[in-house]
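Structure assessment
Next come the chains, spelled out residue by residue.
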Amino acid sequence: MTDFHGVFPYLVSPLDPSGRVKTDVLARLADDLIAAGVHGLTPLGSTGEFAYLDASQRSAVVETTIEAAAGRVPVIAGVASTSTADAVAQAKAWQRLGADGILAILEAYFPLRDAGIEAYFRAVADAVDLPVVLYTNPQFQRADLSLDVIERLSRHPRIGYIKDASTNTGRLLSIMNRCGENIRVFSASAHIPAAVMLVGGVGWMAGPACIVPRQSVRLYDLCRAGHWTEAMDLQRKLWRINEAFARFSLAACIKAGLAIQGYDVGDPVPPQAPLTAEQRLEVEAALAEVGAQDQA
């Protein structure tokens, strides 16, 4: 299986007021992130507003990211739906476009039992010849992956990773203990990445890496080298970004940060609202504190 590790920014989806994907802006952002040293790109994660985009917008975001990456780093494209059939169709489409992996997300309107949740993820993994990353975010999702389901899914030959965005770092250690080498864990922005790396994580997938890519890569390198004192010094500074990300709307915060850095990414998709002027100043101050106000 492909070895995914390191920093994978959850890309924003830049849109103009008419809803057209700003492919030039997205391509420039992807290119700059690669130049900053990130290890991969993830379009259509939470920061990418997957829940607010239509099929053509999603396709444009994935295709643009794959073309911009041009094989330099892997692209793990998000698949999300309330319907298993639709999720399978998305996964197949992203594979045809050239994605290197699938980030599998389950949306749910009605409550689901474990059997239905497991079947959804298994169907996505069965549909493609790509590595699959499980993604669960209990803060926003109605259906969570239980430890029993994660353990069973970890035996699937194409399911080798998970990003668990709960705020429970101990749960990550439980996943590692139960699944062993079958599944590798990525940190989310809700966790302290250095702490996740310390307990055995392989990196992090998160929106804040879009606006602090060099600092995120530096933190990853320090953790991999076992320089934990230096890593925690940097982590304390970077946590200011995570705090802002947690306080404000996900996409709105990162889009504001990117706009401050010179990227014309547009506003979040309505009915989401952009940050207020006061909130934007808070993001700007956080970026200045970590030396990332001119990341572009």
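First, a word on scope: everything that follows refers to the structure included in this document. Residues take numbers from 1 onward in each chain, read along the sequence in its written order. Per-residue local features of the predicted model are confined to residues with pLDDT of at least 70, and side-chain atom pairs are confined, for both listing and counting, to 80 or more; whole-chain, interface and lining totals are unaffected and use all residues. No hydrogens and no water enter the side-chain calculation; it runs on all heavy atoms of the structure.

By definition, any uninterrupted DSSP run of H or I lasting at least four residues is a helix, any uninterrupted run of E lasting at least two residues is a strand, and each is numbered from the N terminus. Helix and strand counts for the protein chain come out as 11 helices and 7 strands. C-alpha atoms define the radius of gyration, and 2.2 Å times the number of residues to the power 0.38 defines the globule rule. Here the C-alpha radius of gyration of the protein chain, 18 Å, is about what a compact globule of 296 residues would show, namely 19 Å. A 1.4 Å probe rolled over the protein chains alone gives each residue an accessible area, and that area as a share of the maximum for its type sets the label: buried under 20%, exposed over 50%, partly exposed in between. Looking at the 296 residues of the protein chain, the share that counts as buried comes to 56%. Should any heavy atoms of two residues lie within 4.5 Å, those residues are counted as being in contact. In the protein chain, of all internal contacts separated by at least 6 residues, the share reaching a separation of at least 24 is 73%. Carbon together with sulfur atoms contributes 50% to the accessible area of the protein chain, which is approximately 12,000 Å² in total. Neither His nor the chain ends is counted toward charge; the positive residues are Lys and Arg and the negative residues Asp and Glu. Positions of charges follow a simple convention, taking NZ of Lys, CZ of Arg, CG of Asp or CD of Glu. Taking the average location of the 26 positive side-chain charges in the protein chain and that of its 32 negative ones, the two points are 3 Å from each other. Areas reported as accessible are Shrake-Rupley estimates using a 1.4 Å probe. Residue values count occlusion only from the protein chains shown.

Let us look at the layout of surface pockets. If a probe the size of a water molecule is rolled over the atoms, the empty space left behind becomes visible. Computed from the structure, the second largest pocket encloses a volume of approximately 270 Å³. Lining the second largest pocket are 21 residues, and of these Gln139, Ser189, Ala190, Phe245 and Leu250 sit closest to its centre. When residues in the lining of the second largest pocket are grouped by element, the largest group, 5 residues, is from helix α9 (residues 228–247). Throughout, the ten residues Ala, Val, Leu, Ile, Met, Phe, Trp, Tyr, Cys and Pro are labelled nonpolar, Asp, Glu, Lys and Arg are labelled charged, and all others, Gly among them, are labelled polar. Of the residues belonging to the lining of the second largest pocket, the class tally is 11 nonpolar, 8 polar and 2 charged. Grid spacing is 1 Å over the protein atoms alone, the probe is 1.4 Å, and a cavity is where that probe fits but cannot get out, while a pocket is an open set with protein on both sides within 12 Å along at least five of seven lines and lining residues have an atom within 4 Å of a point. Grid points are joined across faces, edges and corners, and a volume is the space filled by probe spheres set on the points.

What follows deals with a nonpolar patch on the surface. A cluster of nonpolar side chains, Leu173, Leu198, Val199 and Trp228, forms an exposed patch at the surface whose accessible area comes to about 330 Å². Residue classification places Leu173 among the partly exposed positions, given a relative accessible area of 36%. Within the patch definition used here, like charges are joined within 9 Å and nonpolar side chains (Val, Leu, Ile, Met, Phe, Trp, Tyr) within 5 Å, considering only residues with over 30% relative accessible area and no salt bridge. Whenever a carboxyl oxygen of Asp or Glu lies within 4 Å of a side-chain nitrogen of Lys or Arg, that contact is scored as a salt bridge.

Our focus in this paragraph is helix α10 (residues 250–260). Of all 11 residues making up α10, 9 are buried, and the element is well covered by its neighbours. For α10, the full list of buried residues reads Ala251, Ala252, Cys253, Ile254, Lys255, Ala256, Gly257, Leu258 and Ile260. Considering only its buried residues, α10 is in contact with α1 (23–35), α9 and α11 (277–289). Once α10 finishes, Gly262 follows within two positions and takes phi at roughly 105°, a positive value.

Turning our attention to the packing of α1 against helix α2 (residues 55–69). For every element, the axis is a line fit to its C-alpha atoms; helices are fit only across the contacting stretch, and the angle between N-to-C directions ranges from 0 to 180 degrees. With their axes 9 Å apart at the nearest point, α1 and α2 run at an angle of 40° to one another. One element, α1, and the other, α2, form an angle in the oblique class. At the point where α1 passes α2, the crossing takes the right-handed sense. On α2, the residues touching Thr23, Leu26, Ala27, Ala30 and Ile34 of α1 are Val61, Thr64, Thr65, Ala68 and Ala69. The residue inventory of the contact of α1 with α2, partitioned by class, reads 7 nonpolar, 3 polar and no charged. Our angle categories are set so that under 35 degrees counts as roughly parallel, over 145 as roughly antiparallel, 65 to 115 as roughly perpendicular, and the remainder as oblique. Handedness of each helix crossing follows the sense of rotation of the near helix against the far helix: counterclockwise by less than a right angle gives left-handed, clockwise gives right-handed.

The next thing to look at is the nonpolar core. Among buried residues, the Ala, Val, Leu, Ile, Met, Phe, Trp, Tyr and Cys ones that are joined through side-chain atoms within 4.5 Å form a nonpolar core. Counting 107 residues, the largest nonpolar core has Leu41, Trp94, Ile102, Phe121 and Leu258 as its most contacted members. With sequence-adjacent residues up to four places away left out, Phe121 is seen in contact with Ala104, Ile105, Leu106, Leu134, Tyr135, Leu145, Leu153 and Ile159.

Cysteine sulfur atoms are paired as a disulfide whenever they come within 2.5 Å of each other. Overall, the coordinates contain 0 disulfides when judged by the stated rule. Summary of cysteine pairing: Cys223 is not part of a disulfide, and the nearest cysteine sulfur, belonging to Cys210, is at 19 Å.

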